[in-house]
Amino acid sequence: MEVTLLILSVVCALLGVAGCVLPVLPGPPLTYLAMWLLHWSGYVVFSTAELVVWAVVMVVVSVIDFLLTPMMTRRFGGSTAGGWGSLVGMIAGFFIPMPVLGPVVGAFVGALIAEKLISNKSSQEAMRAAVGSFLAFIVGTGVKLMACVGMIVAGVVAVL
């Protein structure tokens, strides 16, 4: 049973890192689940304080990521359509044969098209909103990656 929990922990950690970029996977919660699975496996015993701190980090990062795109898109003069266009573009970007750049380019282009066509913004206004949406994607991904890598490092250090 311990080995099964250890394997599930590694799988959840890897899916958590993937979830930092893939919008369909909740990255930080999956990585936090990996910590719990590692804890239950018996290979590591995390203190209650460690688990609570990482839970708070996971919740804060998830909330920040959820609010960041609409906030930054609006801050850069965009609309709700720009935020949604960014999300749709990011998902569509996974189908573009550019492994890492597809979602990033897709988020930018999606916001630009949504602002231009749906919100009837000028090209300059649409471009500015698209930049805000793009920056939100980059910052959100970076924050999630830092949290997930931090949890993984804490697990690896505890095992060693």
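Just above, that's the structure.
What comes next is a walk through the structure. From a predicted model like this one, the values you see are computed outputs, not experimental measurements.

Another point: the overall build of the chain. For the chain, the count of helices and strands is 6 helices and 0 strands. With respect to the principal axes defined by its C-alpha atoms, the chain has extents near 60 × 35 × 20 Å. Considering only residue pairs separated by 6 or more positions, the chain has 66% of its internal contacts joining residues 24 or more positions apart. As presented, the chain carries roughly 8800 Å² of accessible surface, and 79% of it is formed by carbon and sulfur atoms. Each charge class in the chain was averaged separately, 6 positive and 5 negative side chains, and the resulting centres sit 19 Å apart.

There is a patch of nonpolar side chains on the surface, built from Val3, Ile7, Val11, Leu15, Tyr43, Val156, Val159 and Leu160 and spanning about 760 Å² of accessible area. Those elements giving two or more residues to the nonpolar patch turn out to be helix H1 (2-19) and helix H6 (123-159). The biggest single contributor to the nonpolar patch is H1, with 4 residues. Given a relative accessible area of 44%, Val156 falls into the partly exposed group.

This paragraph deals with helix H5 (residues 101-118). Here H5 spans 25 Å end to end across 18 residues, near enough to the 26 Å set by a 1.5 Å rise per residue. Restricting attention to buried positions, one finds in H5 the residues Gly102, Pro103, Val104, Gly106, Ala107, Gly110, Ala111, Ala114 and Glu115. Residues of H5 that are buried sit in contact with helix H3 (48-75), helix H4 (80-93) and H6. Phi turns positive, to about 55 degrees, at Asn120, one or two residues after H5.

Take Ala92: it is sitting in helix H4. Residue class for Ala92 comes out partly exposed when judged on its relative accessible area of 39%. Once the C-alpha coordinates of Ala92 and Pro29 are considered, the two residues, 63 residues apart in sequence, prove to be 24 Å apart.

For the rest of this paragraph, the subject is the environment of Gly140. As for its placement among the helices and strands, Gly140 is situated in helix H6. C-alpha of Gly140 to C-alpha of Ser41: the two residues are 99 residues apart in sequence and 31 Å apart in space. Sequence-distant contacts of Gly140, that is, excluding residues within four places in its chain, are made with Asp65 and Leu68.

As a packed pair, helix H2 (residues 27-41) and H6 sit with axes 9 Å apart at the nearest point and diverge in direction by 10 degrees. Overall, the two elements H2 and H6 adopt an arrangement that is roughly parallel. Across the interface between the two elements, Gly27, Pro28, Thr31, Tyr32, Met35 and Leu38 of H2 pack against Lys144, Cys148, Met151, Ile152, Ala154, Gly155 and Val159 of H6. Grouping the constituent residues of the contact of H2 with H6 by class yields 9 nonpolar, 3 polar and 1 charged.

In the contact formed by H1 and H6, the axes pass within 9 Å of each other and the chain directions differ by 165 degrees. By the criterion of interaxial angle, the relationship of H1 to H6 is roughly antiparallel. Crossing hand, H1 versus H6: left-handed. For the pair formed by H1 and H6, the contact residues are Ala13, Gly16, Val17 and Gly19 on the first element and Lys144, Leu145, Cys148 and Ile152 on the second. Split by residue class, the contact of H1 with H6 holds 5 nonpolar, 2 polar and 1 charged.

Here is what the cut-offs are and how they apply
Residue positions are given per chain, counting from 1 as you read along its sequence in written order. For this predicted model, a pLDDT threshold of at least 70 governs which residues receive local features, and a threshold of 80 or more governs which side-chain atom pairs are given and counted, while totals over whole chains, interfaces and linings are taken from all residues. To get the side-chain values, take all heavy atoms of the structure and skip hydrogens and water. Each helix is a run of DSSP H or I of at least 4 residues and each strand a run of E of at least 2, with the numbering of both proceeding from the N terminus. Every residue pair with non-hydrogen atoms within 4.5 Å of one another is taken to be in contact. Working definition of accessibility: Shrake-Rupley area with a 1.4 Å probe, residue cover restricted to the visible protein chains. Within this scheme the basic residues Lys and Arg register as positive and the acidic residues Asp and Glu register as negative, but His and the chain ends are omitted. All charge positions are set by atom: Lys at NZ, Arg at CZ, Asp at CG, Glu at CD. By definition, no residue in a patch forms a salt bridge, and every one has over 30% relative accessible area; like charges are joined within 9 Å, nonpolar side chains (Val, Leu, Ile, Met, Phe, Trp, Tyr) within 5 Å. Any carboxyl oxygen of Asp or Glu within 4 Å of a side-chain nitrogen of Lys or Arg constitutes a salt bridge here. Only protein chains enter the accessibility calculation, which uses a 1.4 Å probe; a residue is then buried when its area is under 20% of its type maximum, exposed when over 50%, and partly exposed in between. Multiplying 1.5 Å by the residue count of a helix minus one yields the expected span of that helix. Think of each axis as a best-fit line through the C-alpha atoms, taken over the contacting stretch in the case of a helix, with angles from 0 to 180 degrees between the N-to-C directions. Angles are sorted into four bins: roughly parallel if under 35 degrees, roughly antiparallel if over 145, roughly perpendicular if 65 to 115, and oblique for all others. In this count, Pro and Cys sit with the nonpolar residues alongside Ala, Val, Leu, Ile, Met, Phe, Trp and Tyr, while Asp, Glu, Lys and Arg are called charged and the others, Gly among them, polar. Handedness of a crossing is defined here by the sense of rotation of the near helix relative to the far one, left-handed for an anticlockwise turn of less than a right angle and right-handed for a clockwise turn.

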